[in-house]
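Understanding the architecture of this molecule
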Amino acid sequence: HVVVGDGKASSASALRVTSTTLQALGAGFEAVTIGKAGTGTTWLAGKLDVGSKPSPLRVLGDTVAVRAGAAVTLGGSNLVLHGGKTVLLEGSLASRVATGIGIISTTGAVTMVAGSAVRSEGGHIDISAANGVAVTRLDASAGKNKVMGRVSIDPGRGALTDANRDAAPDIIARSISLY
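Overview of the structure. (Residues numbered from 1 in each chain as written. Predicted model: local features only at pLDDT ≥ 70, side-chain atom pairs only at ≥ 80, totals over all residues. Heavy atoms only, no water.)

Quick notes on the pattern of salt bridges
One side chain can pair with another of opposite charge once the charged atoms of both are near each other. We count it as follows: Here, a salt bridge means any side-chain nitrogen of Lys or Arg that lies within 4 Å of a carboxyl oxygen of Asp or Glu. Numbering of helices and strands runs from the N terminus, with a helix taken as a DSSP run of H or I at least four residues long and a strand as a DSSP run of E at least two residues long. Each residue gets one of three labels from its accessible area relative to the maximum for its type: buried under 20%, exposed over 50%, partly exposed in between, using a 1.4 Å probe on protein chains only.
All chains considered together, the criterion is met by six salt bridges. For the salt bridge of aspartate 139 with arginine 119, the shortest nitrogen-to-oxygen distance reads 2.4 Å. Of the two residues, aspartate 139 sits in strand E15 (residues 138–139) while arginine 119 sits in strand E12 (residues 117–119), which places them 20 residues apart along the sequence. Given a relative accessible area of 5%, aspartate 139 falls into the buried group. Judged by its relative accessible area of 27%, arginine 119 falls in the partly exposed class. Note that arginine 150 and aspartate 126 form a salt bridge whose closest N and O atoms lie 2.5 Å from each other. You can see arginine 150 sitting in strand E16 (residues 150–154) and its partner aspartate 126 sitting in strand E13 (residues 125–129), a full 24 residues away along the chain. Given a relative accessible area of 30%, aspartate 126 falls into the partly exposed group.

Focus on the environment of alanine 168
Along the chain, alanine 168 turns up in the loop between strand E17 (160–162) and strand E18 (171–172). What makes alanine 168 partly exposed here is its relative accessible area of 40%. As for alanine 168 and arginine 137, which are separated by 31 residues in sequence, their C-alpha atoms are 9.3 Å apart.

Looking at unusual backbone geometry
Backbone geometry at glutamate 121 places phi at a positive 55°, although glycine is not the residue there. Within the fold, glutamate 121 resides in the loop between E12 and E13. Of note, the phi angle at arginine 165 is positive, near 55°, even though the residue is not glycine. Along the chain, the position of arginine 165 falls in the loop between E17 and E18. For arginine 165, a relative accessible area of 77% corresponds to the exposed category.

Thoughts on the pairing of strand E8 (residues 79–89)
The condition that has to hold: Following DSSP output, two strands are said to pair if at least two bridges run between them.
Direction of pairing for strand E6 (residues 57–66) relative to E8: parallel, over a ladder of nine bridges. Pairing of glycine 61 across the sheet is with glycine 83, part of E8. Two elements, E8 and strand E10 (residues 101–105), share five bridges in a ladder whose sense is parallel. Counterpart to leucine 79 in the pairing with E10 is isoleucine 101. Bridge count between E8 and strand E11 (residues 110–112): three bridges; the pairing is parallel. Among the inter-strand pairings, valine 87 is bridged to a residue of E11, identified as valine 110.

Some thoughts on the packing of aromatic side chains
Our working definition: Stacked, tilted and edge-to-face are the three classes applied to pairs of Phe, Tyr and Trp rings, where Trp contributes its six-membered ring and a pair requires centres within 6.5 Å; stacked means planes under 30 degrees apart, edge-to-face means over 60, and tilted covers the rest. Cation placement over rings: the criterion is NZ of Lys or CZ of Arg within 6 Å of the ring centroid and within 35° of the ring normal.
The full count for this structure, using the stated rule, is zero aromatic pairs. Positioned above the aromatic ring of tryptophan 43, the side-chain terminus of arginine 67 is 4.2 Å from the ring centre.

Quick look at helix H1 (residues 19–28)
To be explicit about the condition: The directions considered for the arc run from the helix axis to the C-beta atoms.
Where H1 is concerned, the buried positions are Ser19, Leu22 and Gly26. When H1 is viewed along its axis, its buried side chains cluster within an angular range of 65° and face the same direction. Relative to its buried face, H1 has exposed residues pointing more than 90 degrees away, namely Thr20, Ala24, Ala27 and Gly28.

And the structure:
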């Protein structure tokens, strides 16, 4: 499998891509894809600072997971997490500037667990799954007197659920589109 960030790999044969490596790639490439669609497991783990390039950064795999305790910071690089079966968010994705974030599961579900969060700092957040979406906190706001982004969710044949199971707002955006 592939580990993106400074988190621990589960085996010696795992490929590790650190913040330093990503930022070095961004200096020479506009777009970077890590992993292969529908194949293997790709983790975002530990601290990961993507910066503003490469953009977009596409993270692919059969399963794509933002691991528990992961703190992924985006500096303007658009991010796409694309799992063939599953996309699991146990940690956080946060932006310093307006950043587009796409989260896609081709045949399975997109699942955020309690305590996880996605913050786009005014960028758009698009989530699409074949078989359900569970959300905790999707925040497309950008601060006082700034333009907010939109949130779009397509749970496919499944349901859109509140992973926190509470009455607190789960989505903050200029507009919300549900399909």
